[in-house]
Amino acid sequence: MDIGIRKKAIVSLSLILGVVLAIPASAQLFTQIQNGSFDQTQSGFPTGWNFDQKAQKMGIVQVINEMSGGKGGVLKLSPNMSNNTNNVLLGVGQRLDASEYVGKTIFVGANMGATEGARAVIGIHALGKAGDLAHMQLSQAANKSTLSSHIDNLFIPKDADHLIIYAIVDGHKGSAYFDELTILSKNDEAPVSGNKIIAAKINVNVNSIVRIIPNTLFGSNIEWINNGQGIWSDKINEIEPDAIKLTRNLGVSLLRFPGGVFSDYYHWKDGIGPQKDRPIKLHYPNGPKSRHSFGTMEALQFARASGSRLFITVNAGTGSSKEAEDWVSFINKDMVGKDPENRVTYWEVGNELYIESDLSRANTTPEHYSEIYLKFADAMKAVDPSIKIGAIGGLNYGPYRFVNNNNWNEILLQKAHEEMDFLSVHNAYAPVLIGMSDDVNPLDVYRAMLAAPVNIQKNLEDLSEQLEKYDTPDHMIRLAVTEWGPFFHVSPENIWVDHIKTLGSALFVGSTMNAFYRVPRLEVATFFKLTDQGFMGWIGNRNGKLATTAPYLAFQLYQQNFGPKLLETTINGPTFNSPAIGVVDQMVNVPYLDVVASKGDSNIYLFVVNKHFTQSIKADIDFNGLKQYKEMTIKQLAGKGIDAHTGTELPEIPGLIWAKQKEIERFHNGAPDEVYITQHHSSRKTYTNSDVSIQYSFPAQSITCLILTQLLSDK
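Residues numbered from 1 in each chain as written. Predicted model: local features only at pLDDT ≥ 70, side-chain atom pairs only at ≥ 80, totals over all residues. Heavy atoms only, no water.

A. Broad picture of the overall build of the protein chain. Helices and strands together make up the secondary structure of the protein chain, namely eleven helices and 40 strands. Against the compact-globule benchmark of 27 Å for 715 residues, the protein chain has a radius of gyration of 28 Å, which places it among compact chains. Its C-alpha atoms put the protein chain at 90 × 70 × 45 Å along the principal axes. A buried classification covers 58% of the 715 residues belonging to the protein chain. Expressed as a percentage of contacts within the protein chain between residues at least 6 apart in sequence, the contacts between residues at least 24 apart total 80%. With an accessible surface of roughly 27800 Å², the protein chain has 48% of that area assigned to carbon and sulfur atoms. Charged side chains of the protein chain number 64 positive and 73 negative; the gap between the two group centres comes to 6 Å. (Helix = DSSP H or I, 4+ residues; strand = E, 2+ residues; numbered from the N terminus. Rg over C-alpha atoms; globule rule 2.2 N^0.38 Å. Buried < 20%, exposed > 50% of the residue type's maximum accessible area, 1.4 Å probe, protein only. Contact = heavy atoms within 4.5 Å. Areas by Shrake-Rupley, 256 points an atom, 1.4 Å probe, with all protein chains shown as cover. Lys, Arg positive; Asp, Glu negative; His and termini not counted. Charge placed at Lys NZ, Arg CZ, Asp CG, Glu CD.)

Here it is in structure tokens:
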């Protein structure tokens with residue numbers, strides 16, 4: 001063992017040999033810590049941990065709930081005067097397979113506490129054929145039994161075979177406490193010690209308005225299949241009340257219907273009239289079938305009840321312009337007359353006909369689609385010239401290449417720009433792991449996904465430049481992102497398919513919303529999707545009832561706390577690198593903090609996404625032009641791990657077996673309190689001779705909204 005490392009060690013290797021030797025050589029090897037939260041127990045002992053029989057007389061090992069407020073277990077080690085007999089300390093340990101970590105820097109983190117002279121120690125050793133290759137320890141002296149966060153890093157040599165991790169207590173009285181013990185691989189991040197402060201500088205110019213943020217950026221997708229993916233209830237023969245309540249609480253402004261890939265195989269007249277008389281039809285060629293219980297009238301009913309408006313995609317794949325024309329007429333004559341709230345402003349011609357493998361089997365060329373679009377737009381606007389109609393397209397970038405012709409947009413714009421109100425694109429899914437090996441570093445997957453919004457914004461800016469060439473003084477073609485969101489895989493057999501519901505996915509939602517805010521030409525965004533009987537719904541199912549997911553909570557935080565005036569904002573702070581994963585290209589110098597600010601009539605809103613997995617980032621924040629404020633409200637989305645989620649469940653479908661999902665820290669601990677929003681208020685602050693300047697430490701893997709209530713009116 002290296003002499004320098006030996007001098008740094010708090011407890012020598014000889015004193016933990018009992019813990020190491022207590023782990024059977026035949027024990028199953030895992031690449032991640034098992035039960036690092038100590039929530040799982042068997043006969044009062046933490047499941048997954050090994051205990052040296054020699055230490056039985058040295059004290060008591062137990063799991064308690066008092067220190068966590070009843071929300072989970074905490075390991076408690078209480079030594080007696082026999083502790084440290086024959087170089088053995090009271091403790092527990094695990095043996096891990098080192099293959100996932102070799103050649104990388106890892107971070108070991110834990111919450112620790114101690115009382116009455118005891119000392120809590122967490123250690124990790126990298127072992128190989130040559131013995132102990134590298135190790136580090138965390139230590140917490142007596143601190144009145146409160147838990148403090150600790151983190152440190154260790155480089156794992158390439159010839160390491162196993163990692164030994166242990167929690168032990170040094171001393172003869174008192175107790176040591178341990179919780180949330182984790183190992184994270186940090187392949188591309190510079191080591192940061194647990195005591196080092198990462199700093200950043202944020203500037204907000206409260207008098208410089210970049211754009212007006214349209215409420216239509218807060219849209220979603222719904223589908224006609226399977227009773228509107230659970231929105232319609234056959235049991236009560238009406239809209240599911242919880243679907244209405246949760247959608248209204250979410251603040252969705254637009255509902256895109258009849259839904260994604262099913263739009264170009266959908267004939268709207270199948271979904272009107274008495275439900276019992278409606279046909280059972282295929283979702284797509286050779287696909288499953290559904291009765292058209294959730295049609296235009298039900299979709300409009302749901303939109304009205306949830307405070308939304310419908311956005312309709314007409315069938316340009318297997319439908320006709322006459323069919324689209326009749327749909328506009330039906331809405332205007334039969335539905336708007338019953339209730340003006342039924343009016344549909346936004347219409348879209350087709351879904352993803354530019355993809356060679358489109359499920360409708362109606363994929364086409366840009367030349368042919370341009371002809372289709374012009375015919376449809378002419379017929380639809382003959383009924384109602386005031387509606388806004390969008391064409392479909394996109395601009396491939398990096399590995400994100402779904403448009404079958406790189407010149408699709410140019411060909412479409414040359415032929416149809418005068419008749420286009422907006423261009424619909426689907427450029428904001430990530431990380432999309434289809435075709436990738438399962439042995440990819442899981443933290444690299446999340447790191448790439450959190451880097452993706454940088455490329456998404458750049459692509460929207462490139463699209464804006466392309467559209468700008470066709471602007472006239474009285475006509476600007478807007479942008480719409482009509483599908484977007486976290487998306488890992490489509491196969492039930494994949495270990496990532498259900499990860500769209502995690503805290504990491506929620507951070508992606510927040511960062512992508514920030515990107516949308518910053519693109520002035522972007523007028524509409526509808527996330528994919530609201531509900532689903534599979535895995536993609538941001539409203540999920542838990543114990544047979546509809547329940548919110550982490551992406552839902554992130555979106556809700558933005559919708560409920562945004563001012564319509566986007567403010568000029570700059571950030572100077574730490575960055576990270578990410579590898580090429582899925583459809584996300586290799587990225588360098590991605591800011592850990594993603595920041596936007598806006599204002600309303602009396603408030604300033606600052607949204608900050610901290611993408612760092614383990615470290616808080618302390619920021620000096622200057623509000624240039626703001627002299628005083630009355631109060632600051634802090635709303636924060638956080639969770640217990642990057643893959644934590646609220647406990648929504650995959651459906652049980654006869655004959656379908658879902659793969660066991662990849663766990664990084666907390667995936668298999670899903671519960672309502674694993675991801676949460678907190679809120680508190682600061683004391684009043686008054687400044688008279690200078691602009692407002694505050695400091696705030698943004699927690700790791702969180703979204704924070706700071707709301708400053710102003711005393712002075714806007715200039």
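B. Region of the structure containing the pattern of salt bridges. Under the defined criterion, the tally for this structure stands at 29 salt bridges. For arginine 666, the salt bridge identified is with aspartate 39, shortest N-O distance 3.4 Å. With arginine 666 in the loop between strand S36 (628-639) and strand S37 (675-681) and aspartate 39 in the loop between helix H2 (17-21) and strand S1 (41-42), the pair connects residues that are 627 residues apart, well separated along the chain. Among the residues examined, aspartate 39 registers a relative accessible area of 30% and is labelled partly exposed. For the salt bridge of glutamate 348 with arginine 256, the shortest nitrogen-to-oxygen distance reads 2.8 Å. With glutamate 348 in strand S21 (residues 346-349) and arginine 256 in strand S17 (residues 254-257), this residue pair connects regions lying 92 residues apart in the sequence. Exposure remark for glutamate 348: the relative accessible area of 0% places this residue in the buried category. A relative accessible area of 0% means that arginine 256 is categorised as buried. (Salt bridge = Lys/Arg side-chain N within 4 Å of Asp/Glu carboxyl O.)

C. Fine view of the nonpolar core. Among the nonpolar cores identified, the biggest contains 165 residues, and Trp347, Phe516 and Phe623 are the most heavily contacted of them. A per-element tally of this core places helix H9 (residues 442-468) first, with twelve residues. In contact with phenylalanine 623, other than residues within four places in its own chain, are Val204, Val206, Ile604, Leu606, Asp691, Val692, Ile694 and Leu708. If you look at the next biggest cluster of nonpolar residues, it comprises 38 residues, including Trp49, Leu75, Ile122 and Ala134. (Core = buried A, V, L, I, M, F, W, Y, C linked by side-chain atoms within 4.5 Å.)

D. Quick peek at helix H5 (residues 296-306). For H5, the full list of buried residues reads Thr296, Glu298, Ala299, Leu300, Phe302, Ala303 and Ser306. Tucked into the core, H5 has its buried residues touching strand S15 (232-233), strand S16 (238-239), helix H4 (241-250), S17, strand S20 (309-314) and helix H6 (321-335). At the C-terminal side of H5, glycine 307 shows a positive phi close to 80°.

E. Quick look at the confidence of the model for the protein chain. Predicted confidence across the protein chain gives a mean pLDDT of 89, with 91% of residues reaching 70 or more. Across residues 1-21, where pLDDT falls below 50, the model places 39 contacts with residues more than four positions away in sequence or in other chains. Note that pLDDT drops below 50 for residues 186-196; the model gives that stretch 35 contacts with residues more than four away or on any other chain. (pLDDT = per-residue confidence, 0-100.)

F. Structural detail: the side chain of serine 424. You can see serine 424 is positioned in strand S23 (residues 422-425). Residue class for serine 424 comes out buried when judged on its relative accessible area of 1%. With residues up to four places along the chain from it excluded, the contact list for serine 424 reads Glu348, Ala391, Ile392, Gly393, Ala480 and Thr482.

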